[in-house]
Amino acid sequence: MENKEAPRTVSTHQIANRSPIGRRIATMLGGTALVAALAACGVGGDYSDVKPELPDYYPAGYAQLVDASKQEGGELTIYSNTDQQSWAPIIDAFQDKFPWVGSINATNLDSDEVFQRALSEQATGQDSADIVVSNAADAWADFAERPDTLVSYASPELRHLPDWASPLPNVYSLSVDPISMVYNTALIPQDERPTSIADLAAKVTAHPDDFNGMIAVRNPAGAFGFTVTSAFVNNDPDAAWADFAKILPFSKNETSTGGMVEKVTSGEYSVGFFMGSPALTAEQRTGGLIKAVFPTDGTPLLRRGIGIAHGAPHEATAKLFLDFVLSEAGQKAVSEGGLTAYRDGVQRAEDGVATYQEVVDSVGPKSLIFVPYTKAGDEEIDAFSERWKSLQAD
């Protein structure tokens, strides 16, 4: 069967990254003009005879879901806090399989804004997102417990995934992001390079002058910082606080992974820890100047949740997309986008980051800390942050 291709709504950023010709087109055309030009070149038409190949374990009635998607106008809207470079290979692979879905809009919002926008639109009856994606575990817990926020859907892919792949009812894991430590190889001698939080504490104690003011830490007063840091602490509270008592007097708080990586790269800091997924590509981007490691005394794993929004205007297409990203082909595309694929048997993409299995092989299964999808109260966050601040130098 010939694979017909619908016009695709993409950004100038995506086109510019695909080829030298694309970069020239993106330079000449603005976003609106580019989309119009691409649509004019596309081929519309009837996709009723297009039959995507489906896994043999999908239910017999799945073909009806495919047919329903073809009647939804070829559109899909995703509210996410995931960047466009990560989405591009996923969207490309999905549209190759389901070519009638020609327009996919995936946002890159703040973690809280993802849910706030969806809740606001659902409350007022506006057309909202089809799919919600975020790695904000506490915000997911709040969103998912509210009535009429998520479509109840059991993916046929679930039985081929690990038990932890669905952290909440109707919430699945797009990827599982290991929280890492990075250091500047030009600033830290070989014998002072840390492999764990406990190891860093020991090396700070042995070489205090080398680390004074040179350690970047994620501020636990923020949602991400509290989520990953408290997960590490709760795994072994006595050991964690004892190590932090040695490290934090030499540290400074930072509020984003990107900022931490940039400052470790520039030499403002020599080491930083509890960083999100952008840190995993820093070694490649800096030619080896930055090294990312998974702490052997506990590597938090933050699942990037994905669910179908209640009232999704394109619900059938959203179900196809959800199933696709959980499938073997979808997880390969996840890896190509620089996120951590976790499906068994999926290998790291060329120039990609470590897969879940590689993280397991690096630190061992007992050192993995799955960040729970639970809500924390303001009092708990404030108490944690105050204890943290009390250990830092004024």
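Calculation criteria
- Residues numbered from 1 in each chain as written.
- Predicted model: local features only at pLDDT ≥ 70, side-chain atom pairs only at ≥ 80, totals over all residues.
- Heavy atoms only, no water.
- Core = buried A, V, L, I, M, F, W, Y, C linked by side-chain atoms within 4.5 Å.
- Buried < 20%, exposed > 50% of the residue type's maximum accessible area, 1.4 Å probe, protein only.
- Helix = DSSP H or I, 4+ residues; strand = E, 2+ residues; numbered from the N terminus.
- Contact = heavy atoms within 4.5 Å.
- Phe/Tyr/Trp six-rings, centres within 6.5 Å; stacked < 30°, edge-to-face > 60°.
- Lys NZ or Arg CZ within 6 Å of the ring centre and 35° of its normal.
- Pairing = 2+ DSSP bridges.
- Axes fitted to C-alpha atoms, helices over the stretch in contact; angles between N-to-C directions.

Undergrad: Where do I start with the nonpolar core in this structure?
TA: Here is a general trend for soluble globular proteins: nonpolar side chains tend to be buried in one another's company. Of all hydrophobic cores here, the largest spans 52 residues; its most connected members are Ile78, Trp87, Ile306 and Phe321. Element by element, the count of residues in this core is highest for helix H14 (residues 315-326), at 8 residues.

Undergrad: Which parts of the structure should I look at to understand the environment of Pro89?
TA: Tracing the sequence through the fold places Pro89 in helix H5 (residues 84-97). On the basis of relative accessible area, Pro89 is assigned to the buried category, the value being 16%. Taking the C-alpha atoms as reference points, Pro89 and Gly337, 248 residues apart in sequence, are found 5.9 Å from one another. Those residues in contact with Pro89, other than ones at most four positions away along the chain, are Ala333, Glu336 and Gly337.

Undergrad: What am I meant to see in the packing of aromatic side chains here?
TA: Between two aromatic rings, the relevant description is the distance of the centres plus the angle of the planes. Across all of its chains, the model carries 23 aromatic pairs by this definition. Taking 5.0 Å as the distance between ring centres and 90° as the angle between the ring planes, the aromatic pair formed by Phe273 and Phe274 counts as edge-to-face. The residues Phe273 and Phe274 share a single accessibility class, namely buried. For the pair Tyr356 and Phe370, a centre-to-centre distance of 6.4 Å together with 45° between the ring planes defines the contact as tilted. Here Tyr356 is found in helix H16 (residues 356-363), whereas its partner Phe370 is found in strand E11 (residues 368-370), with 14 residues between them in sequence. Members of the aromatic cluster, each reached through a chain of ring pairs, are Phe226, Phe232, Trp241, Phe244, Phe273, Phe274, Phe384 and Trp388. Across the ring face of Trp100, the terminal group of Lys70 is positioned such that the distance to the ring centre comes to 5.0 Å. The positively charged end of Arg117 is found above the aromatic ring belonging to Tyr79, 5.3 Å away from the centroid.

Undergrad: How should the sheet that holds strand E8 (residues 271-275) be read in this particular structure?
TA: The strands that make up a sheet are held in pairs by hydrogen bonds between backbone atoms, and each pair lies either parallel or antiparallel. In space, the 5 strands of this open sheet follow the order E7-E6-E8-E5-E9, with mixed pairing throughout. Every other strand in the sheet has two partners, leaving strand E7 (251-254) and strand E9 (290-293) as the edge strands with one partner each. Strand-to-strand twist across the sheet, computed as the mean angle between neighbouring axes with direction ignored, equals 25°. Together, strand E6 (215-218) and E8 form the strand contacts of helix H10 (residues 223-235), whose direction differs from that of E8 by roughly 95°.

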